[in-house]
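# Residue-level structural notes
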Amino acid sequence: MDFASLVESRRSTRGYEKKPVSKELMVEIIDLAKRAPSSMNTQPWNFHVITGPPLELIREGNTERMLAGAAVDREIKMADHGYQDEHRQRQIEIAVQLFEAMGIERDDTARRQDWVMRGFRQFDAPVSVVVTLDRALADDTIGHFDCGAATYGLVLAATSKGLGCVINGQGIMQSSVVREHGNIPEDEVIMTCVAMGWPDAEFVANDVVSRRVPNDDVASYVGFEA
Ligand SMILES: Cc1cc2nc3c(=O)[nH]c(=O)nc-3n(C[C@H](O)[C@H](O)[C@H](O)COP(=O)(O)O)c2cc1C
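So, about the side chain of Gln 122. Inspection of the secondary structure puts Gln 122 in the loop between helix H5 (109-120) and strand S2 (127-134). Residue Gln 122 is classed as buried on the basis of its relative accessible area of 2%. Those residues in contact with Gln 122, other than ones at most four positions away along the chain, are Leu 55, Ile 58, Arg 59, Asn 62, Ser 128, Asn 168, Gly 171, Cys 193 and Ala 195.

Here the focus is the sheet that holds S2. Consider a sheet: its strands pair through backbone hydrogen bonds, and that pairing is either parallel or antiparallel. Overall, antiparallel pairing links the four strands, which are arranged S1-S2-S4-S3 in an open sheet. Strands at the two margins of the open sheet, each flanked by one partner only, are strand S1 (45-51) and strand S3 (164-167). Pairwise comparison of adjacent strand axes, ignoring direction, gives a mean angle of 25 degrees for this sheet. Where S2 meets strand S4 (residues 188-197), eight bridges bridge the pair, whose relative direction is antiparallel. The residue of S4 that forms the bridge with Val 130 is Cys 193. Contacts from helix H3 (residues 52-67) reach S1 and S2, with the element oriented near 95 degrees to S1.

A pair can form between side chains of opposite charge whenever their charged atoms are brought close. Scanning the entire structure with this criterion turns up seven salt bridges. For Arg 211, the salt bridge is made with Glu 93, and the minimal N-O distance between the two is 2.8 Å. Remark: Glu 93 occurs in helix H4 (residues 85-102) and Arg 211 occurs in the loop between S4 and helix H8 (215-218); sequence separation between them is 118 residues. Across the pair Arg 121 and Asp 124 runs a salt bridge whose closest N-O atoms are separated by 2.9 Å.

Calculation notes
- Residues numbered from 1 in each chain as written.
- Predicted model: local features only at pLDDT ≥ 70, side-chain atom pairs only at ≥ 80, totals over all residues.
- Heavy atoms only, no water.
- Helix = DSSP H or I, 4+ residues; strand = E, 2+ residues; numbered from the N terminus.
- Buried < 20%, exposed > 50% of the residue type's maximum accessible area, 1.4 Å probe, protein only.
- Contact = heavy atoms within 4.5 Å.
- Pairing = 2+ DSSP bridges.
- Axes fitted to C-alpha atoms, helices over the stretch in contact; angles between N-to-C directions.
- Salt bridge = Lys/Arg side-chain N within 4 Å of Asp/Glu carboxyl O.

Note that all results are geometric; they support no functional claim without further evidence.
Structure follows, in structure tokens:
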């Protein structure tokens, strides 16, 4: 697949076949992901590839805590005010697209809740890759940038192998659960996780294509001839 087709065919996958992913394939994917550039070649990222019983324990722990109304327990920071203005509008837009695809009505609180809980279960994917940052760089936003680059590399590598993925902030909202069952060392900060597996072709939300703002809203071109 050429690069443009790879990028354009990728979309967040939220429904998976109940079929394992081999360790050999995950090794190939990590080999590609870690080719990401990083500041001064520091490579401050780590990938914890989790499947089987430990992943089930993470799903159970996340579900239990979220249903009990536990406070968010995340190691990376989000602005206190959440998303506002155009960011909030885009957040709503993708939620509407997904709910429409799934036939979930606005007032169907049970199905909406079920959808949210699927996120905490990492969409029942067979693999979760927890991406961490070396704690020495916890407050260094360049290290956060490096982890973002590596995470997109991971997603594109997995997509190139036929896997589906979704970067899944919900999966680390109870990071102490992930830390315990994922065996994450104390000298690393949990940044995100990526749910991964073979896409379920029947799961309609997997076909949703998220929109992007026009180029003129995000790019400026300086010094070109008109
Ligand atoms: C840092 C980050 C966290 C995300 N967390 C979630 C999540 O918790 N649940 C979810 O369904 N999608 C999550 N996503 C996926 C985004 O919703 C998705 O990338 C966006 O809507 C664009 O859709 P696309 O990936 O299909 O192009 C996350 C993406 C990123 C980059």
